[in-house]
Amino acid sequence: MTAKSRTALVTGANRGIGRAVSERLHALGHRVVVTARDAEEAGRTAAALGPGARAATLDVTDEEAPERVRALVGPVDIVVNNAGIQLDWGHPPLAVPVELVRRQFEVNVLGAWRMCQAFLPGMVERGWGRVVMISSGTGAFSNGLSAHTPGYAVSKTGLNALTVLMAAETRGTGVLVNAVNPGQVRTRMRPQAERLPEQAAQDIVWAATLPDDGPTGAFLRGGKQVPW
(Lines give C-alpha, C1' and ligand atoms only; values in the text may rest on other atoms or scores of the structure.)
Protein backbone atom coordinates (compact mmCIF):
# COMPACT_ATOMS: atom_id res chain seq x y z
CA MET A 1 0.00 0.00 0.00
CA THR A 2 1.09 3.57 -0.59
CA ALA A 3 1.79 6.04 2.21
CA LYS A 4 -1.02 8.20 0.85
CA SER A 5 -3.79 6.94 -1.34
CA ARG A 6 -4.63 9.17 -4.29
CA THR A 7 -7.40 9.22 -6.87
CA ALA A 8 -6.07 8.40 -10.32
CA LEU A 9 -7.91 8.62 -13.62
CA VAL A 10 -6.67 6.73 -16.67
CA THR A 11 -8.01 7.34 -20.16
CA GLY A 12 -8.32 4.43 -22.58
CA ALA A 13 -8.08 2.13 -19.57
CA ASN A 14 -10.03 -0.87 -20.84
CA ARG A 15 -7.10 -2.61 -22.51
CA GLY A 16 -3.38 -2.57 -23.24
CA ILE A 17 -1.19 -0.01 -21.51
CA GLY A 18 -4.13 1.82 -19.94
CA ARG A 19 -5.43 -1.30 -18.28
CA ALA A 20 -1.97 -2.30 -17.07
CA VAL A 21 -1.44 1.17 -15.59
CA SER A 22 -4.83 0.99 -13.87
CA GLU A 23 -4.02 -2.41 -12.40
CA ARG A 24 -0.66 -1.24 -11.09
CA LEU A 25 -2.04 1.94 -9.55
CA HIS A 26 -4.83 -0.07 -7.92
CA ALA A 27 -2.34 -2.61 -6.56
CA LEU A 28 -0.43 0.27 -4.97
CA GLY A 29 -3.54 1.25 -3.06
CA HIS A 30 -4.79 4.15 -5.16
CA ARG A 31 -8.42 4.75 -6.03
CA VAL A 32 -8.65 4.29 -9.79
CA VAL A 33 -11.18 5.76 -12.19
CA VAL A 34 -11.19 3.52 -15.26
CA THR A 35 -12.40 5.42 -18.33
CA ALA A 36 -13.19 4.22 -21.83
CA ARG A 37 -15.49 5.18 -24.68
CA ASP A 38 -17.49 1.98 -24.15
CA ALA A 39 -19.33 2.07 -20.83
CA GLU A 40 -19.60 -1.72 -20.58
CA GLU A 41 -15.88 -2.24 -21.15
CA ALA A 42 -15.02 0.41 -18.57
CA GLY A 43 -17.38 -1.26 -16.11
CA ARG A 44 -15.93 -4.72 -16.67
CA THR A 45 -12.40 -3.44 -16.21
CA ALA A 46 -13.25 -1.62 -12.99
CA ALA A 47 -15.06 -4.70 -11.66
CA ALA A 48 -12.02 -6.86 -12.45
CA LEU A 49 -9.79 -4.47 -10.48
CA GLY A 50 -12.07 -4.74 -7.47
CA PRO A 51 -12.89 -2.43 -4.54
CA GLY A 52 -11.44 1.05 -4.93
CA ALA A 53 -11.97 1.12 -8.69
CA ARG A 54 -14.83 2.76 -10.51
CA ALA A 55 -15.78 3.26 -14.13
CA ALA A 56 -16.68 6.31 -16.16
CA THR A 57 -17.57 6.68 -19.82
CA LEU A 58 -15.21 9.08 -21.56
CA ASP A 59 -14.61 9.93 -25.19
CA VAL A 60 -11.77 12.46 -25.20
CA THR A 61 -12.91 13.79 -28.58
CA ASP A 62 -16.17 14.96 -26.99
CA GLU A 63 -15.51 18.56 -25.95
CA GLU A 64 -17.81 18.35 -22.93
CA ALA A 65 -16.97 14.82 -21.75
CA PRO A 66 -13.97 15.62 -19.50
CA GLU A 67 -16.02 18.18 -17.55
CA ARG A 68 -18.88 15.70 -17.21
CA VAL A 69 -16.50 13.09 -15.81
CA ARG A 70 -14.96 15.62 -13.43
CA ALA A 71 -18.41 16.50 -12.11
CA LEU A 72 -19.19 12.79 -11.72
CA VAL A 73 -16.04 11.57 -9.97
CA GLY A 74 -14.96 14.64 -8.00
CA PRO A 75 -11.36 15.58 -7.21
CA VAL A 76 -8.68 13.68 -9.13
CA ASP A 77 -5.01 13.76 -8.13
CA ILE A 78 -3.43 11.82 -11.00
CA VAL A 79 -4.39 11.86 -14.68
CA VAL A 80 -2.77 9.46 -17.11
CA ASN A 81 -3.52 10.61 -20.66
CA ASN A 82 -3.20 7.22 -22.28
CA ALA A 83 -5.97 7.34 -24.91
CA GLY A 84 -4.38 7.44 -28.34
CA ILE A 85 -4.78 6.23 -31.89
CA GLN A 86 -2.47 5.50 -34.81
CA LEU A 87 -4.16 5.43 -38.21
CA ASP A 88 -1.56 6.27 -40.83
CA TRP A 89 1.20 3.65 -40.67
CA GLY A 90 2.79 3.26 -44.10
CA HIS A 91 1.52 6.56 -45.52
CA PRO A 92 4.36 8.91 -46.57
CA PRO A 93 4.07 12.55 -45.46
CA LEU A 94 3.29 13.79 -48.97
CA ALA A 95 0.47 11.31 -49.49
CA VAL A 96 -1.08 10.72 -46.07
CA PRO A 97 -4.80 11.54 -46.05
CA VAL A 98 -5.18 14.72 -44.04
CA GLU A 99 -8.37 13.34 -42.51
CA LEU A 100 -6.30 10.63 -40.82
CA VAL A 101 -3.93 13.28 -39.50
CA ARG A 102 -6.85 15.31 -38.16
CA ARG A 103 -8.41 12.33 -36.37
CA GLN A 104 -5.11 11.50 -34.69
CA PHE A 105 -4.67 15.08 -33.53
CA GLU A 106 -8.20 15.10 -32.17
CA VAL A 107 -7.45 12.18 -29.85
CA ASN A 108 -3.73 12.36 -29.21
CA VAL A 109 -3.35 16.11 -28.67
CA LEU A 110 -6.72 17.79 -28.21
CA GLY A 111 -8.04 14.94 -26.09
CA ALA A 112 -5.15 15.34 -23.65
CA TRP A 113 -5.55 19.13 -23.76
CA ARG A 114 -9.22 18.85 -22.80
CA MET A 115 -8.32 16.58 -19.90
CA CYS A 116 -5.72 19.05 -18.65
CA GLN A 117 -8.17 21.93 -18.80
CA ALA A 118 -10.75 19.91 -16.88
CA PHE A 119 -8.54 18.48 -14.13
CA LEU A 120 -5.38 20.57 -13.73
CA PRO A 121 -7.03 23.64 -12.14
CA GLY A 122 -8.32 21.48 -9.27
CA MET A 123 -4.88 19.97 -8.74
CA VAL A 124 -3.34 23.45 -8.58
CA GLU A 125 -5.99 24.58 -6.11
CA ARG A 126 -5.30 21.60 -3.85
CA GLY A 127 -1.52 21.96 -4.18
CA TRP A 128 -0.74 18.46 -5.49
CA GLY A 129 -1.14 16.64 -8.77
CA ARG A 130 0.52 14.47 -11.37
CA VAL A 131 -0.25 14.38 -15.09
CA VAL A 132 1.39 11.85 -17.38
CA MET A 133 1.17 12.06 -21.16
CA ILE A 134 1.80 8.77 -22.96
CA SER A 135 4.04 9.88 -25.78
CA SER A 136 6.26 8.08 -28.29
CA GLY A 137 9.78 8.10 -29.65
CA THR A 138 8.23 8.66 -33.08
CA GLY A 139 7.47 12.23 -32.02
CA ALA A 140 10.83 13.12 -30.47
CA PHE A 141 13.29 15.22 -32.46
CA SER A 142 16.10 13.46 -30.59
CA ASN A 143 14.91 10.18 -32.09
CA GLY A 144 13.97 11.51 -35.50
CA LEU A 145 10.31 11.89 -36.40
CA SER A 146 8.96 8.79 -38.10
CA ALA A 147 8.00 9.31 -41.74
CA HIS A 148 6.36 5.87 -41.68
CA THR A 149 3.52 7.25 -39.57
CA PRO A 150 3.69 11.00 -40.13
CA GLY A 151 0.42 12.19 -38.66
CA TYR A 152 0.87 10.07 -35.56
CA ALA A 153 4.45 11.26 -35.16
CA VAL A 154 3.54 14.93 -35.44
CA SER A 155 0.63 14.44 -33.04
CA LYS A 156 3.04 13.03 -30.46
CA THR A 157 5.37 15.96 -31.05
CA GLY A 158 2.38 18.17 -30.34
CA LEU A 159 1.67 16.18 -27.17
CA ASN A 160 5.26 16.74 -26.08
CA ALA A 161 4.83 20.48 -26.65
CA LEU A 162 1.61 20.41 -24.64
CA THR A 163 3.51 18.74 -21.81
CA VAL A 164 6.03 21.58 -21.72
CA LEU A 165 3.30 24.24 -21.79
CA MET A 166 1.26 22.67 -18.99
CA ALA A 167 4.36 22.11 -16.87
CA ALA A 168 5.34 25.75 -17.25
CA GLU A 169 1.81 26.85 -16.40
CA THR A 170 1.78 24.83 -13.16
CA ARG A 171 5.42 25.06 -12.05
CA GLY A 172 5.78 25.68 -8.35
CA THR A 173 2.20 24.67 -7.54
CA GLY A 174 2.85 21.09 -6.44
CA VAL A 175 1.70 19.75 -9.82
CA LEU A 176 4.11 17.82 -12.04
CA VAL A 177 3.38 17.27 -15.74
CA ASN A 178 5.58 14.89 -17.73
CA ALA A 179 5.58 12.77 -20.87
CA VAL A 180 6.62 9.12 -20.93
CA ASN A 181 7.92 7.22 -23.93
CA PRO A 182 6.99 3.60 -23.14
CA GLY A 183 8.77 2.24 -26.22
CA GLN A 184 7.17 -0.29 -28.53
CA VAL A 185 4.64 -2.19 -26.47
CA ARG A 186 2.58 -5.26 -27.37
CA THR A 187 -0.87 -3.75 -27.85
CA ARG A 188 -3.50 -3.73 -30.56
CA MET A 189 -1.43 -0.96 -32.17
CA ARG A 190 1.80 -3.02 -32.07
CA PRO A 191 0.86 -6.70 -31.70
CA GLN A 192 4.35 -7.93 -32.61
CA ALA A 193 6.22 -5.81 -30.05
CA GLU A 194 8.19 -7.67 -27.40
CA ARG A 195 7.62 -5.34 -24.47
CA LEU A 196 4.52 -6.15 -22.43
CA PRO A 197 2.02 -3.55 -21.21
CA GLU A 198 2.83 -4.51 -17.63
CA GLN A 199 6.47 -3.54 -18.20
CA ALA A 200 5.51 -0.19 -19.72
CA ALA A 201 3.14 0.42 -16.83
CA GLN A 202 6.04 0.41 -14.39
CA ASP A 203 7.58 3.46 -16.07
CA ILE A 204 4.25 5.25 -16.35
CA VAL A 205 3.22 4.66 -12.74
CA TRP A 206 6.66 5.82 -11.61
CA ALA A 207 5.99 9.13 -13.39
CA ALA A 208 2.47 9.26 -11.97
CA THR A 209 3.72 8.94 -8.39
CA LEU A 210 6.85 11.09 -8.48
CA PRO A 211 7.97 12.71 -5.23
CA ASP A 212 7.46 16.43 -4.82
CA ASP A 213 11.01 17.19 -5.96
CA GLY A 214 10.59 15.15 -9.15
CA PRO A 215 10.96 16.59 -12.65
CA THR A 216 8.25 18.45 -14.50
CA GLY A 217 8.06 19.26 -18.19
CA ALA A 218 10.33 16.29 -18.90
CA PHE A 219 10.42 13.48 -21.45
CA LEU A 220 10.94 10.24 -19.52
CA ARG A 221 11.87 6.70 -20.42
CA GLY A 222 12.83 3.84 -18.13
CA GLY A 223 12.72 6.08 -15.08
CA LYS A 224 15.14 8.58 -16.56
CA GLN A 225 14.87 11.93 -18.30
CA VAL A 226 15.79 11.72 -22.00
CA PRO A 227 16.16 14.40 -24.71
CA TRP A 228 13.11 15.69 -26.55
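Overview of the structure.

Rules and cut-offs
Residues numbered from 1 in each chain as written. Predicted model: local features only at pLDDT ≥ 70, side-chain atom pairs only at ≥ 80, totals over all residues. Heavy atoms only, no water. Helix = DSSP H or I, 4+ residues; strand = E, 2+ residues; numbered from the N terminus. Buried < 20%, exposed > 50% of the residue type's maximum accessible area, 1.4 Å probe, protein only. Patch = residues over 30% accessible without salt bridge, like charges linked within 9 Å, V, L, I, M, F, W, Y side chains within 5 Å. Areas by Shrake-Rupley, 256 points an atom, 1.4 Å probe, with all protein chains shown as cover. Salt bridge = Lys/Arg side-chain N within 4 Å of Asp/Glu carboxyl O. Contact = heavy atoms within 4.5 Å. Core = buried A, V, L, I, M, F, W, Y, C linked by side-chain atoms within 4.5 Å. Pairing = 2+ DSSP bridges. Right-handed = clockwise from strand over helix to strand, strands pointing away. Expected span 1.5 Å × (residues − 1). Axes fitted to C-alpha atoms, helices over the stretch in contact; angles between N-to-C directions. Parallel < 35°, antiparallel > 145°, perpendicular 65-115°, else oblique. Left-handed = near helix turned anticlockwise from the far one by under 90°.

A look at the environment of Gly 172
(1) Moving on: Mapped onto the elements of the fold, Gly 172 is located in the loop between α5 (150-170) and β6 (175-180).
(2) Moving on: Given a relative accessible area of 81%, Gly 172 falls into the exposed group.
(3) Moving on: When the C-alpha atoms of Gly 172 and Ile 134 are compared, they prove to be 23 Å apart, with 38 residues separating the residues in sequence.

Some remarks on a nonpolar patch on the surface
(1) Moving on: A cluster of nonpolar side chains, Leu 110, Trp 113 and Leu 165, forms an exposed patch at the surface whose accessible area comes to about 270 Å².
(2) Moving on: As for its position among the elements, Leu 110 is in helix α4 (residues 98-126).

Observations regarding the side chain of Asp 203
(1) Moving on: Relative to the helices and strands, Asp 203 resides in helix α6 (residues 197-208).
(2) Moving on: We classify Asp 203 as buried; its relative accessible area is 13%.
(3) Moving on: Sequence-distant contacts of Asp 203, defined by excluding residues within four places in its chain, comprise Val 180, Arg 195, Gly 222 and Gly 223.

Notes on the nonpolar core
(1) Moving on: Counting residues in hydrophobic clusters, the biggest one holds 29 residues, and the most contacted among them are Phe 119, Leu 120, Met 133 and Val 177.
(2) Moving on: Elements supplying a minimum of two residues to this core: α3 (65-73), α4, β5 (129-134), α5 and β6.
(3) Moving on: When residues of this core are assigned to their parent elements, the largest contribution, 8 residues, is made by α4.
(4) Moving on: Among residues more than four places away in sequence, those in contact with Leu 120 are Met 115, Val 131, Met 166, Thr 170, Val 175 and Val 177.
(5) Moving on: Membership of the second largest hydrophobic core comes to 25 residues, among which are Leu 25, Leu 49, Val 205 and Leu 220.

Section: the environment of Arg 130
(1) Moving on: For Arg 130, the position within the fold is in strand β5.
(2) Moving on: Owing to a relative accessible area of 1%, Arg 130 belongs among the buried residues under this scheme.
(3) Moving on: Put simply, Arg 130 and Thr 45 are 85 residues apart on the chain and 23 Å apart in space, counted from C-alpha to C-alpha.
(4) Moving on: Beyond its immediate stretch of four places on either side in the chain, Arg 130 contacts Asp 77, Ile 78, Val 79, Met 123, Gly 174, Val 175, Leu 176, Ala 207, Ala 208, Leu 210, Pro 211 and Asp 212.

What about the pairing of strand β2 (residues 31-36)?
(1) Moving on: For β2, the buried fraction is high: 5 of the 6 residues fall into the buried class.
(2) Moving on: Bridge analysis of strand β1 (residues 7-10) against β2 gives 4 bridges, and the strand direction is parallel. For Val 10, the partnering residue across the bridge sits in β2 and is Val 34.
(3) Moving on: Traced from β1 through helix α1 (residues 16-27) to β2, the parallel crossover comes out right-handed.
(4) Moving on: Two elements, β2 and strand β3 (residues 53-57), share 5 bridges in a ladder whose sense is parallel. Each bridged residue has a counterpart across the sheet, and for Ala 36 the counterpart in β3 is Thr 57.
(5) Moving on: Between β2 and its parallel partner β3, the chain crosses via helix α2 (residues 39-49), and the hand of that crossover is right-handed.

Some points on α5
(1) Moving on: When the terminal C-alpha atoms of α5 are compared, their 30 Å separation across 21 residues agrees well with the 30 Å that a helix rising 1.5 Å per residue should span.
(2) Moving on: Positioned one or two residues after α5, Gly 172 has a phi angle of 85 degrees, which is positive.

Quick notes on the sheet that holds strand β8 (residues 224-226)
Backbone-to-backbone hydrogen bonds join strands into a sheet, with any given pair of strands oriented parallel or antiparallel.
(1) Moving on: Here 8 strands make up an open sheet; going across it, the order is β3-β2-β1-β4-β5-β6-β7-β8 and the pairing mixed. Looking at which strands have only one partner, the edges of the open sheet turn out to be β3 and β8. Neighbour-to-neighbour, the strand axes of this sheet turn through a mean angle of 30 degrees, independent of strand direction.
(2) Moving on: Strand contacts of α2: β2 and β3, with the helix running at about 175 degrees to β3, the strand carrying the most contacts.
(3) Moving on: Along the sheet, α6 contacts β4 (78-81), β5, β6, β7 (219-221) and β8; its crossing angle with β5, the most-contacted strand, is approximately 150 degrees.

Some remarks on the packing of α4 against α5
(1) Moving on: Their axes nearest at 9 Å, the elements α4 and α5 cross at an angle of 15 degrees. With respect to their mutual orientation, α4 and α5 come out roughly parallel. Crossing of α4 over α5 shows right-handed handedness. Judged by residue contacts, Val 101, Gln 104, Phe 105, Asn 108, Val 109, Ala 112, Trp 113, Cys 116, Leu 120 and Val 124 of α4 engage Gly 151, Tyr 152, Val 154, Ser 155, Lys 156, Gly 158, Leu 159, Leu 162, Met 166 and Thr 170 from α5.

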